[in-house]
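The lines below spell out each chain.
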Amino acid sequence: MKRIDVQNQPKLSSGRIFQIAVTGVKYRLFRAMVTVAVIVVAMAFLMNILTESLIKRAVADSVREQIEDLHRVDRWIARLSIPQSAEDILTQIAKAEWPSSYGEEISAMSGMSMDALKAMQPQAQEAVQYLRFFENLDYGRLRVLVGPVESTRIFERLQTERGWHQFSTSLADMRTVRLPLPLEQFQAFIEGWDQLDAFIDVVREGQTRAIEQVHEAIGDQPVVEALQDADGAFGQTIRAAGFALDPEEAASLVQEVRRMEQTLLIEGTINIHGVRQAVAAERDILPGDVTMPMIWRMVRSRDRAEWFLGVLQENQVDQGGLTPETLTMIARQRAHARLLAVAEQQTMEAGGGLMNIGTRMTWLAFVSMLVCAVGIANAMLMSVTERFREIATLKCLGALDAFIMTVFLIEAALLGLVGGLGGALAGFILAGTRMAVTFRSLLWQAFPWNEILVAGLLSIGVGMVLAAISAVYPSFRAARLAPMEAMRIE
Amino acid sequence: MTDTPAHMPLSEPEDVVSRRVIIRAVGMQKVYQRGEEITYALRSIDVEVYTGEFIVVMGPSGSGKSTFFNMIGALDSPSKGRVFIDEVDVAQLTAEELAFLRCRKIGYIFQSYNLIQYMTALENVTTPMAFGGVMPDEARKRGMDLLDLVGLSDRWFHRPIEMSGGQQQRVAIARALANQPSILLCDEPTANLDHHTGDEILAILQRLNKERGVTVICATHDHRMMNICDRLMWIRDGNIERIARRDEVEVEVGSIE
């Protein structure tokens, strides 16, 4: 009879442990479907949020300029009609980079030197910081601090002794509210506000003068009509008044205005009986069912556009110099502009937070991860509990606690990997499809492949980590039990 | 059997001088507490098992038989008293040493086989070797020899679900023998098997006991076991009711059956 001295059980190599875990996972993968499904759903959710937000942001970045273009005419009409608000002036001065066309414009209109403008910049930047601060306060606090005033009026109010007293005492009580700069500096700024205010007034006076000058030149003609001549005499008038209008801008302005005119012309034709009837006959519907979007869709092809212009001619409608090519182009640009409008609306929240997807989305993702972690923990707990007998058997055969924990952690991580992969794919397909429907042609020019790849890896990683963390407690408990207790629990 | 005196002298094997004690339980007690309710699974057990013995433990279900088993197999710790395996106090061992003991010293055979479902027969047999630090090639060779011993070497690649109960139990026996244990603990090894298959398992156990000198301790309701054992032990209500050599009870067999 041989006799063995009791020693410490040797530890298995990590390669061997991994091998055993993989064998187990391969066999159990289908049984672990519930766990995997939970992880898939959770990670699909995360990936969906990430993908959508990343696409939105990429689209927003790529169309920002185009959206600016969309509003070019409106912007110029506004500039040529009223002087800027104090806040706008401060913001633009604050972010101006010298030499700045805005600076030149202000200087030409108000007669101030460029150096004087440059000297105002630090103060303007400070003012913008304070304005941001007040803007971000909730209404209740704002009301307590400065009463019912907004924007630069706040500074005026704080100049009064009562206003400042109310502000400084209330601010001391609000522990969570922090001024962007020290209070003393703010006080100094308020004392010097008169100077900045006077500067703004000078700027606005200059703008008012320039606007008057422009209006005198055009008389009763609406600004939008006058803008048709932005690359000609009217452009000269505008420049003479001091506005910074470069030839390129003028050219696109003219084009834009003309397109607006032509668009209006086409939109007006739906009210002409003959045109409506012709379109109805062509589409084989009742004249009452003809709509403007239908006509726009129709004239996107050159043949149809030619036909439509023919109809206009038959009905003796002025064609405003439209050729089939330009009509088709306008129709296409219109469709594009509508997409841009959708994009503008959809991408308003983009920026900030995790991977720049926006703070709101980050929170949403975070909270959903918490919920999913609970779901995964539950699934892992079940899967470990139903294997107590196996764990007990392994312990009878001489397995160490650490071995059992490691095997379960590896298994969980592998399930997380599979679930994460599936989830990332599902989330990507879902979000991609939705975004493709929303943004159509805008999507492909801006598709953020690299970032989405990172998001996918992130989802897979989160899935693995969540699954592993969720398996720690149950497997720790199972590993620590005496083998027979574990069997009894089952 | 009903009028067995409570304090009859313990029967010892005939050649007691030549044999060594391999398991000794002293005042072993196990109490389960659930809230206020206290259950005595074992009241006070003193027993000595000698090397190379084949002991059959009998008793109705709920008698504490399984608990007794787990105690002397170092699978559970007694509430009171001590268990020595090879003169080593089990309570003194660390978790690593316990694992070592379970791995090499004792082979376990369960009523429900408890094979690892995702492993093949061979992998099941070689797992305890892996835990014991045997290199994979060596383990595979030894595993095949053991499967050969139980007559299953041609089915080494089958998984438990692809095998009959008897085959699974034979794999379990091969696994229990993986690290050449000196003790084989069997908890109702034939309970889930038909008569013929049970006979095969018994034959294997008997052969191991006779040829390899493995100490076999077997809890069972199966009366066929009596024919191959050295000693019998009856447990009732957490106490050892009686221990007897086979030749002592053989005369009574008629009355038992």
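Just so you know, these numbers come straight off a predicted model, no measurement behind them. (Residues numbered from 1 in each chain as written. Chains lettered and ligands numbered in written order. Predicted model: local features only at pLDDT ≥ 70, side-chain atom pairs only at ≥ 80, totals over all residues. Heavy atoms only, no water.)

Caption draft 1: Structural detail: unusual backbone geometry. Residues and elements named next belong to chain B. In the Ramachandran plot, alanine 74 falls in the positive-phi region, its phi being about 60 degrees despite a non-glycine side chain. Of note, asparagine 114 is a non-glycine position whose phi angle comes to about 55 degrees, a positive value. Secondary-structure assignment places asparagine 114 in the loop between β6 (106-109) and α3 (121-131). (Helix = DSSP H or I, 4+ residues; strand = E, 2+ residues; numbered from the N terminus.)

Caption draft 2: Local environment of the packing of aromatic side chains. Residues and elements named next belong to chain A. Counted according to the given criterion, the structure contains 20 aromatic pairs over all chains. Every member of this aromatic cluster is reached through a ring pair, and the members are Tyr130, Phe133, Phe134, Phe155, Trp164, Phe167, Phe186, Phe189 and Trp193. If you follow arginine 79 out to its NZ or CZ, it ends over the ring of tryptophan 76, 4.3 Å from the centre. The ring of tryptophan 307 is capped by arginine 304, whose NZ or CZ atom sits 5.4 Å from the centre of that ring. (Phe/Tyr/Trp six-rings, centres within 6.5 Å; stacked < 30°, edge-to-face > 60°. Lys NZ or Arg CZ within 6 Å of the ring centre and 35° of its normal.)

Caption draft 3: Geometry of the interface of chain B and chain A. With 42 residues of chain B at the contact, the number on the chain A side is 35 residues. Together, the buried faces of chain B and chain A total about 3,500 Å²; carbon and sulfur atoms form 65% of this surface. Sorting the residues of chain B by area buried against chain A places B:Phe100, B:Tyr118 and B:Phe131 first, and these three jointly supply 25% of that buried surface. Viewed at the interface, chain A and chain B are joined by zero salt bridges. (Contact = heavy atoms within 4.5 Å. Buried area = accessible area lost by both parts, 1.4 Å probe. Salt bridge = Lys/Arg side-chain N within 4 Å of Asp/Glu carboxyl O.)

Caption draft 4: Structural view of helix α6 (residues 114-136) of chain A. Residues and elements named next belong to chain A. Helix length check: α6 (23 residues) gives 32 Å between terminal C-alpha atoms against 33 Å at 1.5 Å per residue, within 8%. Where α6 bends most, the angle comes to about 35 degrees, and this point is glutamine 121, followed within four residues by the proline proline 122. Among the residues of α6, Leu117, Met120, Gln121, Gln123, Ala124, Glu126, Ala127, Val128, Tyr130, Leu131, Phe133 and Phe134 are the ones counted as buried. (Expected span 1.5 Å × (residues − 1). Bend = angle between axes of the 7 residues up to and from the residue. Buried < 20%, exposed > 50% of the residue type's maximum accessible area, 1.4 Å probe, protein only.)

Caption draft 5: Main features of the pairing of β6(B). Residue and element names in this part refer to chain B. Side chains Ile106 and Tyr108 of β6 all project onto a buried face; the interleaved residues Gly107 and Ile109 project onto the opposite face, where all are buried too. Taken together, the four bridges between β6 and strand β7 (residues 183-187) define a ladder with parallel strand orientation. Each residue of the ladder has a partner; that of tyrosine 108, found in β7, is leucine 185. (Pairing = 2+ DSSP bridges.)

Caption draft 6: A look at the sheet that holds strand β2 (residues 37-50) of chain B. All names here are of chain B. Sheet architecture is open: four strands sit in the order β2-β1-β4-β5, paired in antiparallel fashion. If you trace the sheet from one side to the other, it starts and ends with β2 and β5 (88-89), each paired once. Here strand β1 (residues 21-34) runs beside β2; their pairing, made up of 10 bridges, is antiparallel. Its bridge partner lying in β2, arginine 24 is registered against glutamate 48. Docked against the sheet, helix α1 (residues 65-72) engages β1, β2 and β4 (80-85), running at close to 125 degrees with respect to β1. (Axes fitted to C-alpha atoms, helices over the stretch in contact; angles between N-to-C directions.)

Caption draft 7: Up close: the environment of B:Gln168. Residue and element names in this part refer to chain B. Structurally, glutamine 168 is set in helix α5 (residues 165-176). Taking the relative accessible area as the measure of exposure, glutamine 168 reaches 12% and is therefore buried. Ignoring any residue separated from it by four or fewer positions in sequence, one finds glutamine 168 in contact with Tyr113, Leu115, Pro160 and Met163.

Caption draft 8: Region of interest: the nonpolar core. In terms of nonpolar packing, the biggest core is built from 43 residues, with B:Phe54, B:Leu147, B:Ile173, B:Leu184 and B:Leu205 touching the most fellow members. Among the elements of the structure, β3 (54-58), α3, α4 (136-149), α5, β7, α6 (195-212), β8 (215-219) and β9 (231-236) of chain B are those that each provide at least two residues to this core. If near-sequence neighbours (up to four positions away) are discounted, B:Phe54 is found in contact with B:Leu205, B:Gln206, B:Asn209, B:Val216, B:Cys218, B:Met225, B:Ile228, B:Cys229, B:Asp230 and B:Arg231. Judged by nonpolar contacts, the second largest core, of 39 residues, contains A:Ile89, A:Phe134, A:Leu171 and A:Leu179. (Core = buried A, V, L, I, M, F, W, Y, C linked by side-chain atoms within 4.5 Å.)

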